[in-house]
Amino acid sequence: MEKELSELSFINTPSAKAKRFVVWLFVASSTIMFGGFTSYYIIFSASKGKGHGLVLPDAFLFSTVILILSSLCLFLAKRLVKQSNLSYQKVLLILTFVLGIVFGYMQFMAWGSLYRTGATLINNNAAISFIYVVSALHLLHIVGGLGVILNCIFGAFKPVSQDKLMFRLQIASIFWHFIDILWIYLYVFLLLNS
Amino acid sequence: MSTITLHDNQHNSHDDHGHHQESFLSKYVFSQDHKMIAKQFLITGVVMAVIGMVLSILFRIQLAWPDKTFPILETFLGKWAEGGRLQPDFYLALVTIHGTIMVFFVLTAGLSGTFSNLLIPLQIGARDMASPFLNMLSYWFFLCSCVIMMASFFIQTGPASSGWTIYPPLSALPKAMPGSGLGMTLWLISMVMFVASSLMGGINYVSTVLNMRTKGMDLWKMPLTIWAFFLTAILGVLSFPVLVAGVVLLIFDRSFGTSFYLSDIVLGTTILPNEGGSPILWQHLFWFLGHPEVYIVIMPALGISSEVISINSRKPIFGYHAMVYSLIGITTLSFIVWGHHMFVTGMNPFLGGVFMITTLIIAVPSAVKTFNYLATLWKGNIRFTPAMLFAIGLVSFFISGGLTGLFLGNASLDINLHDTYFVVAHFHLVMGSAAIFGMLSGVYHWFPKMFGRMMNAKLGYLHFWLTFISAYLVFFPLHFLGLDGVPRRYYAFTEFEFMQKWLTVNVFVTWAAILGALAQVAFLFNFFYSIFKGKKATENPWDANTLEWTTPVEHIHGNWAGEIPTVYRWPYDYSKPGAKEDFIPQTVPFSQTMESNLAHDFEGNSEAEEIQKNWNKQNNRVED
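Within each chain, residues carry numbers counting from 1 in the order of the written sequence. Chain letters start at A and ligand numbers start at 1, both assigned in the order the entries are written. Residues qualify for local features only when their pLDDT is at least 70, as the model is predicted, and side-chain atom pairs are given and counted only at 80 or more; totals for whole chains, interfaces and linings, by contrast, use all residues. Note: side-chain values were computed over all heavy atoms of the structure, leaving out hydrogens and water.

A. Geometry of a nonpolar patch on the surface. Here a patch means residues that are over 30% exposed by relative accessible area and free of salt bridges, tied together within 9 Å if like-charged and within 5 Å if nonpolar (Val, Leu, Ile, Met, Phe, Trp, Tyr). All accessible areas in this document rest on Shrake-Rupley with a 1.4 Å probe, and a residue is counted as covered only by the protein chains that are shown. What counts as a salt bridge is simple: a side-chain nitrogen of Lys or Arg found within 4 Å of a carboxyl oxygen of Asp or Glu. Together, Leu61(A), Phe62(A), Val65(A), Leu69(A), Leu72(A), Phe75(A) and Leu76(A) line one region of the surface with nonpolar side chains, adding up to about 630 Å² of accessible area. The residue Phe62(A) is located in helix H3 (residues 58-82) in this model. Secondary structure elements follow DSSP: runs of H or I of four or more residues count as helices, runs of E of two or more count as strands, with numbering from the N terminus.

B. Broad picture of the packing of aromatic side chains. Two rings belonging to Phe, Tyr or Trp (six-membered ring only in the last case) form a pair when the distance between their centres is within 6.5 Å. Interplanar angles under 30 degrees mark stacking, angles over 60 mark edge-to-face geometry, and anything in between is tilted. Enumeration according to the criterion identifies 71 aromatic pairs over all chains in this entry. Here Tyr41(A) and Phe189(A) contribute two aromatic rings whose centre-to-centre distance is 5.4 Å and whose plane-to-plane angle is 75 degrees, an arrangement assigned as edge-to-face. Taken together, the residues Tyr41(A) in helix H2 (residues 14-48) and Phe189(A) in helix H6 (residues 162-192) connect sequence positions 148 residues apart. Across the pair, exposure class does not vary: Tyr41(A) and Phe189(A) are buried alike. Considering the side-chain rings of Trp338(B) and Phe355(B), the 5.1 Å spacing of their centres and the 65 degrees angle between planes classify their relative orientation as edge-to-face. Of this pair, Trp338(B) sits in the loop between helix H10 (320-333) and helix H11 (349-361) while Phe355(B) sits in helix H11; the two residues are 17 residues apart in sequence, bridging distant segments of the chain. Using a 1.4 Å probe on the protein chains alone, a residue whose accessible area is under 20% of its type maximum counts as buried, one over 50% counts as exposed, and one in between counts as partly exposed.

C. Representation of the interface of chain B and chain A within the structure. The contact rule is simple, with two residues in contact once any of their heavy atoms fall within 4.5 Å. With 39 residues of chain B at the contact, the number on the chain A side is 30 residues. Both faces considered, chain B and chain A share a buried interface measuring about 3000 Å² in area, 72% of it formed by carbon and sulfur atoms. Two parts placed together each lose some accessible area under a 1.4 Å probe, and adding up what both lose gives the buried area. By the criterion of area lost to chain A, the three top residues of chain B are Ile203(B), Phe260(B) and Leu281(B), representing 17% of everything that side buries. For the pair chain B and chain A, the interface holds zero salt bridges. Within 3.5 Å is the distance limit for a polar contact, defined as a pair of N or O atoms, with the added protein rule that one can donate a hydrogen and the other accept it, and that residues adjacent in sequence qualify only through two side-chain atoms. Here chain B is connected to chain A by five residue pairs in polar contact (both at pLDDT 80 or more). At the level of elements, helix H1 (2-17), helix H7 (182-211), helix H8 (224-256) and helix H9 (279-313) of chain B are the ones that each hand at least two residues to the side of chain B that touches chain A.

D. Structural view of the packing of helix H12 (residues 363-377) of chain B against helix H13 (residues 386-408) of chain B. Residue and element names in this part refer to chain B. Angles shown run from 0 to 180 degrees and are taken between the N-to-C directions of axes, each axis being a line fitted to C-alpha atoms and, for helices, limited to the stretch in contact. Across the interface, H12 lies against H13 with an axial gap of 11 Å and an inter-helix angle of 150 degrees. The orientation of H12 relative to H13 falls into the category roughly antiparallel. Like other packed secondary-structure pairs, H12 and H13 cross with a definite hand, here left-handed. For the pair H12 and H13, the contacting residues are Ala363, Ser366, Thr370, Tyr373, Leu374 and Leu377 in the first and Met388, Ile392, Val395, Phe398, Ile399 and Leu406 in the second. Between 65 and 115 degrees an angle is taken as roughly perpendicular, under 35 as roughly parallel, over 145 as roughly antiparallel, and anywhere else as oblique. Should the near helix be turned anticlockwise from the far one by less than a right angle, the crossing is left-handed, and should it be turned clockwise, the crossing is right-handed.

E. The environment of Phe194(B), seen in detail. All names here are of chain B. Residue position: Phe194 is located in helix H7. Look at Phe194 and you get buried, because its relative accessible area is 0%. Contacts of Phe194, omitting those with residues within four sequence positions, involve Phe104, Phe105, Thr108, Ala109, Phe142, Ser145 and Phe240.

F. A look at the confidence of the model for chain A. Mean pLDDT over chain A: 88, with 95% of residues reaching 70 or higher. In predicted models, pLDDT denotes the confidence assigned by the predictor to each residue on a 0 to 100 scale. The low-confidence segment residues 1-7 of chain A (pLDDT under 50) makes 10 contacts with residues lying over four places distant or belonging to another chain.

G. Structural context of the side chain of Ser145(B). Residue and element names in this part refer to chain B. Tracing the sequence through the fold places Ser145 in helix H6 (residues 132-151). On the basis of relative accessible area, Ser145 is assigned to the buried category, the value being 0%. When sequence neighbours within four positions are dropped, the list of residues in contact with Ser145 reads Phe105, Ser190, Met193 and Phe194.

H. Focus on unusual backbone geometry. Residues and elements named next belong to chain B. Residue Pro169 follows Pro168 across a cis peptide bond; omega there is 10 degrees. Inspection of the secondary structure puts Pro169 in the loop between H6 and H7. Positive phi values are uncommon outside glycine, yet Asp419 reaches one of about 60 degrees. Checked against the element boundaries, Asp419 lands in the loop between helix H14 (411-417) and helix H15 (421-451). For Asp419, a relative accessible area of 37% translates into the label partly exposed. We note that Asn620 has phi near 55 degrees; this positive angle belongs to a residue other than glycine. For Asn620, a relative accessible area of 68% gives the class exposed.

I. Representation of the environment of Glu581(B) within the structure. Within the secondary structure, Glu581(B) sits in the loop between helix H17 (503-533) and helix H18 (606-618). Here the alpha-carbon distance between Glu581(B) and Ser198(B), two residues 383 residues apart in the chain, equals 41 Å.

J. Main features of the pattern of salt bridges. Residues and elements named next belong to chain B. Summed over all chains, the structure comprises 12 salt bridges over all chains. Close ionic contact of Lys221 with Asp218 constitutes a salt bridge, the shortest N to O distance being 3.0 Å. Between Arg569 and Asp573 there is a salt bridge, with its nearest N and O atoms 2.7 Å apart. Residue classification places Arg569 among the buried positions, given a relative accessible area of 1%. Among the residues examined, Asp573 registers a relative accessible area of 5% and is labelled buried. Each member of the salt-bridge network shares a partner with another, and the members are Arg314, Arg383, Asp543 and Asp582.

K. Expanded view of helix H4 (residues 87-116) of chain A. Multiplying 1.5 Å by the residue count of a helix minus one yields the expected span of that helix. Look at H4(A): 45 Å from first C-alpha to last across 30 residues, which is about the 44 Å you get at 1.5 Å a residue. Note on H4(A): the residue one or two positions beyond its end, Gly118(A), has a positive phi of about 95 degrees.

L. Expanded view of the packing of H3(A) against H6(A). Residues and elements named next belong to chain A. Closest axis-to-axis distance for the H3/H6 pair is 10 Å, and the angle between their directions is 160 degrees. When the interaxial angle is binned, H3 and H6 end up roughly antiparallel. Taken as a pair, H3 and H6 cross one another with a handedness that is left-handed. Its residues placed into classes, the contact of H3 with H6 shows 17 nonpolar, eight polar and three charged. Amino acid classes used here: Ala, Val, Leu, Ile, Met, Phe, Trp, Tyr, Cys and Pro are nonpolar; Asp, Glu, Lys and Arg are charged; the rest, including Gly, are polar.

M. Molecular detail of H10(B). Taking 1.5 Å as the rise per residue, H10(B) with 14 residues should run 20 Å; its terminal C-alpha atoms sit 20 Å apart, in good agreement. Residues of H10(B) that are buried include every one of Tyr320(B), Met323(B), Val324(B), Ser326(B), Leu327(B), Ile330(B), Thr331(B) and Leu333(B), and no others.

N. Just the nonpolar core, in detail. Residues enter a nonpolar core if they are buried and are Ala, Val, Leu, Ile, Met, Phe, Trp, Tyr or Cys, with the set joined through side-chain atoms within 4.5 Å. By size, the foremost hydrophobic cluster in this structure holds 254 residues, and its most contacted members are Phe37(A), Tyr40(A) and Phe115(B). For this core, the element with the highest residue contribution is helix H5 (residues 88-124) of chain B, accounting for 21 residues.

Next up, the structure:
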């Protein structure tokens, strides 16, 4: 009885709070890194008087929609766990994961279509190379995020206690929603600064 | 209630540290205990510091005797010292790696890594860091990055040579010079790992300070060391990622042929295809980290000396709040001054003026801190322990090096002084020597907490005086070289007539540097000997107030055997009038010190004030 009690309260322990905060701090430092990238772009395009000058491939738009959908799945999965409805959340978690993979695939498609139009990575317009670099680094974040989602899926199948699963989902939500918003920011940034 | 708390503690410690039967590997190598990780950081930092120092002696020999040959150098360095003279390329590699090691590996990881790890959980009353696993990873990333950096000495083309700021194009074109090849690649890999290590460490420190303080430990009861480590970690978390952004673009320029920083370059007789980039953009990204980095280096040292000076003056720190606010001021300002490293890049003079103003404003919080150190020492009952001497040494260097910061921060003066030995003299005093002295002060002071034994004080005094004197003898004369226009990073001064007259000064400086290096033998012997054979330490050898001195001398997991102690007061109740002893630990409640309580101790709690008033009346005590 005592064990259950302490486990149920795990997500409210200082240790769990501190770990969630660690993820938030990671989000902050990652934001700053992309801030560094985009300020490079702003100063570059201001001093050279030009941006990338491209119409962004449609694949980027599709991938944005896919990423938003995967975020939505994760949100619903977390809500189901909160309501102790554990049956559907496995499906939703797997869906989140699959949509994440599809997102990665779409990014490769986007690079392919950029490459075919002649806007290659090795380019005398650094603004075009920039598109590849930021989207690749964002994709690295997605890879990390998929790991976190996988951790939740394993937790759902093992199964760990509801309390522990909730904690894993909290970590995953902070991170996954962040990289979702980050991509929207990067996409809109590239759209507006062509 | 108490049983549940106890159960929670056991549960947590079980969670955090795994099984209790520890193997050699889990205790000493892959340890997740913050105290062990602190020791790992310290010993790695000390080893790196010795390497960095040896490199500096090598290039000092070249600067003092550019025409002489030293066959022994060839014995050890082979073709890099052909004929017994350092090769110019190797000279550049030496200054580059010396800077990198000292700034990043010694004064960032060695200093913050050691003392943040040791003191944050111990001084705020936590059983360990927020994430002990991440903490362990932080050390291993750091060690790997040290090994990779050192590995570059064992490759054909030698280590990176474009200065610790690795400005492109030297860093961006693998064929620009020998050190731009594989050595530069290793530098970048090493630095990416280093940044990862710093971020994991810093994120952990911030989260631990904010979430895991013991009962009663509100922010304004934290020791100044914790404030300094906390703000340093914030600086790191907010500035290192920008360096990553810059380095990623640099890697693409080097390895994939992009043109982020490159344009219009002729290499030998070939015209390179890169166009449209700008090396100035690297400087912006680099110095957005680079300038906060110098505060990442100095702030922990300032925090340590606040603590050491207060304890050994047997006086409360003067202006506790002012000390905290000045640290916050320095932290904030450090993000908006990076342009002062770039006054001569052709920046708009108006922008230069803005950076100049923000830079000079930093003198205000710095001066507040200096003043408070001196005011704490004033009429103190000073105990000149080795730690105290090093802390006072820090104040000395901070003043003498800080003053020249006012010259360099001024754009019109900087145009003359930029890239001369004046800059070298400035930063070696204000961030080099000062931060090293803060670190050494911390080592002497917390050695008993780390290893359960005392360091030898007499050797400590010898170490202090020789190091203190030689540091001034080395760096003070360099100001005059700089004022005369002698540029830094030059291989030999024999080629320029106006520099000839400085050759004798260089000989003098080199001898002083050798003296300073020899002085470190006293420290190294003392350090390693005392780990095994030093006098056994007592639980609170310095009569200090902070929580770490309430833990047992023998290290245990979770730091305190029973419940974590509760904190009732700030950490600086030294020599309080009326008190029985000249120190009152933070764990002593006010109800036990009725004879020394002051009205402001109760922070407006009227009930407590009333109780105190009645007690005063009954015992005929008159409060001043």
